[in-house]
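# Residue-level structure breakdown
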Amino acid sequence: MKRFLSLFLALVIATSAVECPVQAANVPGIDAAVSKKNVLKLLNTYDKDGARLVKYGFSHGYAIEDMMMDKYLSQGEPVIEGLDTVVHEEDHMYSTYTDIYDQNNATKVRFYIGKGKDVVVPYTNVFRTREIVKSVPKRCRGVQSTRFDEYVMDSRVGTLASDWRGIYGLLNEFSAYSWGMNNNVKMFAYHDSFDDNYHTWEWFLRNGESNRLAYAEFKYYILQYMIYAKKYHPDVYKELLKNKKLMSAYAATEKNFAKSVKAYKGERDQIAEKIRANGYVVDYSNEVIIIRDATGNLVGYVGFLNDDTKPLTKELSKKKYKNMHKIMLKARK
């Protein structure tokens, strides 16, 4: 599933003569074309977890190479544009492993939790995710994001696992976006090696903002599903809590994702400082980066996805969501 990339971002800054970090040897340049070779070189150098996921897909003949070239990355665009999407999609393939060709009769799903470790989770009874739509306030349904419509409301007759697999499908997406965010963070050093040409930060920020929002979205959907289940489907709720593997997979995924989001925000702050170091005037807040030249002329700006992120973050700070998160963490033990 192509993850959401709805972010208006313009960043047009001239190159400077500032000394740059040394680029790792034998990796593709910033404008290198999409290819299996270039994808693997970048991942092997900067993102070991992403490399593990992608290599698994390539070695098991899931035709992901063709999808990567033709569907998930725009034709004619550099490989760096959609590298996190490749990792995201390969995580989906990794999670379904031997059940990939028999999704309807699958009995379990595998979640990658990092450093070569998995949690294999048995399926239990669920209800369709679309049932929780009526319990989701409009403020939490997205302004720029279309993920609520796609993954929760799902008007396409239940074609997405995030609907018909219930919480298991939601967690599968949470995991995929998590590893996409992790890839984004890991690739900071690669982008930094080209920091004399600031157009190279565009995809880092674009993808980072999209994945940052996904953390709040899918954490909210999962907790809301559990809260709804407790009230309207108590038998399903009890089964879910008894599934210690499910609770463990949620705990590990949420922890990894939160860590990556925190790292990304720190890296985003560094980018503002790097722009300033090259002689530009930068107004930076939690809403936007505005860049001007020495004479005050507008050069570019980056808007963040806070119209969607803030309402979800505020919602997740409420007691009922915090309590459900704690209940799920406790249930894994």
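Structure: above.
By convention here, each chain's residues receive numbers from 1 onward along its written sequence. The predicted nature of this model means local features are confined to residues of pLDDT at least 70 and side-chain atom pairs, given and counted, to a pLDDT of 80 or more, with totals for whole chains, interfaces and linings taken over all residues. Heavy atoms from the whole structure form the basis of all side-chain values; hydrogens and water molecules are not counted.

So, on to the overall build of the protein chain. What counts as a helix is a DSSP run of H or I of at least four residues, what counts as a strand is a run of E of at least two, and both are numbered from the N terminus. Secondary structure summary: the protein chain contains 13 helices and six strands in total. Buried residues are those whose accessible area, probed at 1.4 Å on protein chains only, stays under 20% of the maximum for their type, while exposed residues exceed 50% and partly exposed ones sit between those limits. Taking all 333 residues of the protein chain together, 54% fall into the buried category. Two residues form a contact once any of their heavy atoms are found within 4.5 Å. Looking at the protein chain alone, contacts between residues at least 24 apart form 72% of all its contacts between residues at least 6 apart. Accessible area for the protein chain stands at about 14,700 Å²; split by element, carbon and sulfur atoms hold 53% of it. Where accessible areas are quoted, they stem from the Shrake-Rupley method and a 1.4 Å probe; at the residue level, only the protein chains shown are allowed to cover.

Core analysis: the largest hydrophobic core is formed by 66 residues, its most contacted members being Ile167, Met226 and Met328. Among the elements that make up this core, the one with the highest residue count is helix H9 (residues 202-232) (16 residues). Leave out the neighbours within four places in its chain, and Met328 touches Ile167, Ile222, Leu223, Met226, Met247 and Tyr250. Residues enter a nonpolar core if they are buried and are Ala, Val, Leu, Ile, Met, Phe, Trp, Tyr or Cys, with the set joined through side-chain atoms within 4.5 Å. Within the second largest apolar cluster, 24 residues are counted, among which are Leu42, Tyr46, Val86 and Tyr112.

With that settled, consider the environment of Lys333. By secondary structure assignment, the location of Lys333 is in the segment after helix H13 (319-331). Given a relative accessible area of 69%, Lys333 falls into the exposed group. Along the primary structure Lys333 and Met247 are separated by 86 residues, whereas in three dimensions their C-alpha atoms are 8.6 Å apart.

This part covers the pairing of strand E6 (residues 298-303). Bridge count between strand E5 (residues 288-292) and E6: five bridges; the pairing is antiparallel. Within E6, the residue paired with Arg292 across the bridge is Leu298. Where E5 folds back on E6, the antiparallel hairpin that results is connected by five residues, among which Gly296 adopts a positive phi of roughly 95 degrees. Each pair of strands is called paired provided DSSP finds at least two bridges between the two strands.

Examined against the element boundaries, Lys219 turns out to sit in helix H9. Here Lys219 falls in the buried class, since its relative accessible area comes to 12%. Within the local environment of Lys219, its side chain forms a polar contact with the side chain of Glu254, the two groups lying 3.1 Å apart. Residue contacts for Lys219: discarding those within four places in its chain leaves Phe174, Tyr250, Glu254, Leu316 and His325. Here a polar contact is taken to be a pair of N or O atoms separated by no more than 3.5 Å, where protein atoms must pair a possible hydrogen donor with a possible acceptor and residues adjacent in sequence count only if both atoms sit in side chains.

Let us now look at the pattern of salt bridges. The salt bridge definition used is simple: a Lys or Arg side-chain nitrogen within 4 Å of an Asp or Glu carboxyl oxygen. Evaluated as defined, the whole model comprises 13 salt bridges. Between Asp118 and Arg110 there is a salt bridge, with its nearest N and O atoms 3.9 Å apart. With a shortest N-O distance of 2.5 Å, Glu273 and Arg276 are connected by a salt bridge. Taken together, the positions of Glu273 and Arg276, both in helix H11 (residues 244-277) and three residues apart, correspond to about one turn of that helix. Exposure remark for Glu273: the relative accessible area of 46% places this residue in the partly exposed category. Because the salt bridges share partners, they merge into one network encompassing Arg128, Arg130 and Asp163.

Let us look at the packing of H9 against helix H10 (residues 234-242). In the contact formed by H9 and H10, the axes pass within 6 Å of each other and the chain directions differ by 130 degrees. It follows from the interaxial angle that H9 and H10 lie oblique. Contact residues: Tyr225, Met226, Ala229, Lys230, Lys231 and Tyr232 in H9; Pro234, Tyr237, Leu240 and Leu241 in H10. Lines fitted to C-alpha atoms define the axes, with helix axes restricted to the stretch in contact, and inter-axis angles between N-to-C directions lie between 0 and 180 degrees. An angle below 35 degrees is read as roughly parallel, one above 145 as roughly antiparallel, one from 65 to 115 as roughly perpendicular, and any other as oblique.

It is worth spelling out unusual backbone geometry at this point. In this model, Lys115 sits at a positive phi of 55 degrees, which is unusual for a non-glycine residue. Following the sequence through the fold, Lys115 ends up in the loop between strand E2 (108-114) and strand E3 (117-122).

Bringing the pairing of E3 into the picture now. Relative to E3, E2 is paired through six bridges, and the arrangement is antiparallel. Within the sheet, the bridge partner assigned to Tyr112 lies in E3 and is Asp118. The antiparallel pairing of E2 with E3 creates a hairpin that spans two residues between the two strands, and Lys115 there sits at a positive phi of about 55 degrees.

Okay, the packing of aromatic side chains next. Note on aromatic pairs: the rings of Phe, Tyr and Trp (six-membered ring only in Trp) are paired at centre separations within 6.5 Å, and the planes decide the class, stacked below 30 degrees, edge-to-face beyond 60, tilted for the rest. Going through the model one piece at a time under the given rule, you end up with 22 aromatic pairs. Pairing Phe174 with Phe257 gives two aromatic rings, centres 5.3 Å apart and planes at 40 degrees, and the pair type is tilted. You can see Phe174 sitting in helix H7 (residues 167-186) and its partner Phe257 sitting in helix H11, a full 83 residues away along the chain. Residue Phe174 is classed as buried on the basis of its relative accessible area of 0%. Above the face of the Tyr94 ring, Arg110 is positioned so that its terminal group lies 3.9 Å from the ring centre. A positively charged side chain is recorded as over a ring if its NZ (Lys) or CZ (Arg) lies within 6 Å of the ring centre. The angle to the ring normal must also be within 35 degrees.

Once that is clear, we can look at helix H2 (residues 48-59). An α-helix turns once per 3.6 residues; consequently, residues spaced three or four apart project the same way. Here the expected length of a helix is defined as 1.5 Å per residue gap, with one fewer gap than residues. Counted at 1.5 Å a residue, the expected span for H2 with its 12 residues is 16 Å, and the 16 Å between its end C-alpha atoms agrees. Within H2, the full set of buried residues consists of Asp49, Gly50, Ala51, Leu53, Val54, Tyr56, Gly57 and Phe58. Regarding H2, its N-cap is Asp47, as a side-chain oxygen of that residue lies 3.4 Å from the backbone nitrogen of Asp49 further along.

Before going further, it helps to examine a positive patch on the surface. Only residues above 30% relative accessible area that lack a salt bridge enter a patch, with like-charged residues linked at up to 9 Å and the nonpolar side chains Val, Leu, Ile, Met, Phe, Trp and Tyr linked at up to 5 Å. Asp and Glu count as negative and Lys and Arg as positive, but His and the ends of the chain are not part of the count. By convention, the charge on Lys lies at NZ, on Arg at CZ, on Asp at CG and on Glu at CD. Together, Lys115, Lys117, Lys186, Lys255, Lys259, Lys330, Arg332 and Lys333 make up a region of like positive charge exposed at the surface. With respect to the helices and strands, the residue Arg332 is situated in the segment after H13.

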